[in-house]
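# Observations on chain architecture
Below are the chains, spelled out letter by letter.
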Amino acid sequence: MVSPFSSPVQRRNAASGLIAGLYEVDLASPLPGAGGGLPSFAVLTDDASDHGLMAVQVRRPMLARVHALQTLSGPIDGVLAPLAHGPPPAPGGEGGYFVVSHAPPGPALVQTMRPWAEADLLDRVLRPVAQGLARLHGHGVTHRAIRLHNLFHAAVDQPVVLGAAWSAPPASLQPVLFEPPGSAMCLPCGRGEGSFGDDIYALGVVLLCLALGRLPLAGLDDAAIIRRKLDFGSYAALAGDERLPPMIADLVRGMLAEDPDHRPPPALLLDPVAARARRVAARPSRRAQRPLEVGGASVWDARQLAFALAADPLQVPLALRNGGIDRWLRRGLGDGALAARIDELVRHPISDAAINDARSDALLTTRVVALLDPLAPVCWRGIAVWPDGIGPALAAALDSDPDSLTRLEELVAVEATDAWAQSRPDRGDPMVLRLEARQMHVWQRLRGLSGGLPRLVYQLNPLMPCASPLLRGQFTTRLGELLPALEAVYARVDPANVRPLDPHIAAFIAARAERRLEAEIASVTDNDEDATGAWAQLRLFGALQARTYPYRLPGLAVWLARRSAALRDSWQNRRRRTDTEERMRTLAEGGMLAPMLALIEDPLARDADTRGAGDAAAAVARIDAELRRIRTGGSERAQLAYRLGQEVAAGVGLAALAAVLTVAALG
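Quick summary incoming for the structure in this document. This is a predicted model, so every value here is computed, not measured.

### Regarding the pattern of salt bridges
Applying the stated criterion across every chain, the model contains 20 salt bridges. The partner of Glu 242 in a salt bridge is Arg 214, with the nearest N and O atoms 2.4 Å apart. Linking Glu 242 in the loop between helix 6 (234-239) and helix 7 (246-255) with Arg 214 in the loop between helix 4 (196-212) and helix 5 (222-232), this pair joins segments that are 28 residues apart in sequence. We classify Glu 242 as partly exposed; its relative accessible area is 39%. Among the residues examined, Arg 214 registers a relative accessible area of 36% and is labelled partly exposed. One network of salt bridges, in which partners are shared, links Asp 250, Arg 253 and Arg 276.

Shown next, in the form of C-alpha cells:
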C-alpha cells in the first residue's frame, strides 16, 4: 500500500543544497505528522527506487542525536532509520539541518485511537516493534521516542513501524506518561540516551494505551503523573482498576517494572508466551507506617522522599540536620542502614575551598537523593539531568532558559555527577563518570576568547550550530561552513565597528578544529585593535581558509583588512605603510587571506623596515646629542667670544695707533 506521506518521484532540479549529494528537501511539500512532532518534508531524488522519503527538520535549540546518526548507516526493517543528514536551506530562508529517512507507511496510531484486540496487539504492535528494537539495540542505539504519535501503520492488518527519533535529543519529545519516573523528572533535553529498558517501558505504556483505547491519567499534570507512579508503581498507576486481557496485563506489568534490569529484553518479547512466563523476583520497597511531611507532600517510602527533596531542595539541609529525616528512616521506615549512610554524609560533607555553603548544601542534596533512590538522575537545585544529557540540556538552555543554564553551569563547576556516581556505585562506573565530570570542568574553566561556557557547550554537542549573534538565522554546524557563513554576513554589518571573531565563533573553532590549529586558536584575543590581536585573527582565518574552504572570500577579506589598521601601523616606514595599505586593499578584493598574511609577515621587508627604523633612530640620536651639546655649551662659548672680542679690539686699537704714529712721522 502506498503511504499517504510518500512523495511522488521527481527529478531534483538543483545541483546544490543536497544532503549527502543525493537528497533535496522539497520545502513546498510538508508531511504533517510524519516527523513524530517535528516538521517534515518530502525529499526529491534522481533515483526512482528512492521514493517515499522524508526529511525531518532539526529545530533550535534541540539538537540531532550524534551517536545514532554516526552508528546507523542504512535501512532497518520496522524502523524509520536515518539515511543521511545535512544542512540544506530551511523554511523562511534560514539555515537548517535535516535528517533523511523513509516516510511512514501511514498515519500515526494516535489518529486512530480505539481498543485493540489482544491478538492484534501481539502480532501488529509488540512483535514488530520488539524486532525493530532488537535491531537497534544490536547497533548499541536506543530509540527513546516510542509513543502513539511516533508509531505508524498502513492499515489495521499491517504491522506498525517505529518512527524517526534522530532529529532531537533522546526522549526530549516524550510525554511524561511514556517515561519512567527517573527520566520523566529530568529537563526534556537532559534525559540522555537512556537504556534499552527505557524503550521497553515506553512500549509497555503504548500497549496499555491501545488495550484501553485511550490515554490513562488524562487531566493530570506532569508532576502529578510522576508522583502517582512513585506512589503506586507504574503499572498500578496507569492501569488502575481497568480490566486488561490477561496476556497483555502480564506482559505490561513486566515491561513497566521499576528497575530497568527487570524488564524483558526485546528478543524475549518476540515470544510473548516466554516473556509472560518470565518472572523477576523484585524486593518490594519498604513502606513506612506513618508518612513524613515534606514540602506539603506525604511520603511513604525512600523513592517518594527522594522525589520530594529533589523538588524542594532549599529545605533539605535543615531537614537533614534537625534529625527529622533520620528519625523517620530509622523508626518509620525501619531502614537503619540507609539512615546511617545519610548521617555520614551530613556529618562529613565534602570539603572544598572552591565550594561555598550554598553549593555545598546543594551537593549534599544531590548525594542524599542518589542514596534514597539509585534510579533517580542527577538532581541539582530543582533541576534533574542524566550525565549524558548535560550537553543537550546546556544547548537548549543557552538562549531560552537562563535560570536552568546557571544551575547547569554550577552542576559542572562542582562536578556534581562525580558525587552522584559515588553515591550509587552499583548503577554505573564511578571512575568513568569522574573523568567525564573533570573533563567538563576543564573545558568550563578554560580562559581566553575560546574558553568558558561556549567552549563547554560546543565540546559536548558536536552538531550544535554556532550560536554567535553574527550568524543568527544560519545553521552552521561544521567548521567548513563557518567562513562562507561569515562571507554572507559581511553584506549586513558595519566592518569598522563589528568584529568577525567573537567568543562563540572562537569557541566553535576551538571545539571543531584539528590539533594543527591549536597555536592559532590559543593566540587570539578579545581585542583586534592592537597589532597582536589583529595579527592573530588574520592568521587564524588564513589557516581556516587554507584547511577548510580554499575559495575566494572577498567580503571577509575586506572585513579583515578594515579591521587590520594596527597591522598597517606596525610598519615604521611611512611610505611602506602607505604601500601596504594599498596592497592590502588590492589583495582583499582577491578574496584570499594567505597573500594578505604574507604581505604583513614578509620577513625580508620586516627586517629591512626594522633596520631602517634603527638607522633613523640612530641618526635622530646623533642630532639630539649635538643639540644637547649646543644647549649645555653656550656659556663657555660666550666667555670665549668675549675674550676674543677684547683681544681683537686691542689689536685693532694698536693697529690704529701705529697708523697714526706712522702718518705723523712721515709728516
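### A closer look at the nonpolar core
One finds Trp 166, Leu 305, Leu 329, Leu 372 and Ile 509 to be the most contacted residues of the largest nonpolar core, which totals 186 residues. Looking at which element gives the most residues to this core, the answer is helix 4, with twelve residues. For Leu 329, the contacting residues outside a window of four places in its chain are Leu 305, Gly 334, Asp 335, Leu 338, Ala 339, Ile 342 and Leu 372. Ile 19, Tyr 23, Phe 41 and Val 43 belong to the second-largest nonpolar core, a separate cluster that totals ten residues.

### Quick notes on helix 15 (residues 390-400)
Of all eleven residues making up helix 15, nine are buried, and the element is well covered by its neighbours. Taken together, the buried positions of helix 15 are Ile 390, Gly 391, Pro 392, Ala 393, Leu 394, Ala 395, Ala 396, Ala 397 and Leu 398. Tucked inside the fold, the buried residues of helix 15 contact strand 11 (383-385), helix 16 (402-413), helix 17 (416-423), helix 18 (430-445), helix 19 (452-460) and helix 21 (503-512).

### Thoughts on the packing of aromatic side chains
What the rule picks out here adds up to six aromatic pairs. With a centroid separation of 6.2 Å and an interplanar angle of 45°, the aromatic rings of Tyr 490 and Trp 559 are classed as tilted. Note that Tyr 490 is positioned in the loop between helix 20 (482-489) and helix 21 and Trp 559 in helix 24 (residues 554-562), a separation of 69 residues in sequence. Given the relative accessible area of 0%, Trp 559 is considered buried. Seen in terms of ring centroids, Tyr 549 and Tyr 551 are 4.9 Å apart; in terms of plane orientation they differ by 75°. Their pairing is edge-to-face. Residue Tyr 549 is classed as partly exposed on the basis of its relative accessible area, which comes to 23%. When the ring centre of Trp 116 is taken as reference, the NZ or CZ atom of Arg 114 above it lies at 4.5 Å.

Rules and cut-offs
- Starting from 1, residues in each chain are numbered consecutively following that chain's sequence as written.
- The model is predicted, so local features are restricted to residues of pLDDT at least 70 and side-chain atom pairs to those at 80 or more, both for listing and for counting; the totals for chains, interfaces and linings are taken over all residues.
- Note: side-chain values were computed over all heavy atoms of the structure, leaving out hydrogens and water.
- Here, a salt bridge means any Lys or Arg side-chain nitrogen found within 4 Å of an Asp or Glu carboxyl oxygen.
- In DSSP terms, a helix is any run of H or I states spanning at least four residues, a strand is any run of E spanning at least two, and both are numbered starting from the N terminus.
- For every residue, the accessible area obtained with a 1.4 Å probe (protein chains only) is divided by the maximum for its type, and the residue is called buried under 20%, exposed over 50%, and partly exposed between those limits.
- For the purposes of this section, nonpolar cores are sets of buried Ala, Val, Leu, Ile, Met, Phe, Trp, Tyr and Cys residues that join through side-chain atoms within 4.5 Å.
- Throughout, a residue-residue contact means that at least one pair of heavy atoms, one from each residue, lies within 4.5 Å.
- Whether two aromatic rings pair depends on their centres lying within 6.5 Å, for rings of Phe, Tyr and Trp, where Trp uses its six-membered ring; planes under 30 degrees apart make the pair stacked, over 60 edge-to-face, and the rest tilted.
- Any Lys NZ or Arg CZ that is within 6 Å of a ring centre and within 35 degrees of that ring's normal is treated as a charge sitting over the ring.

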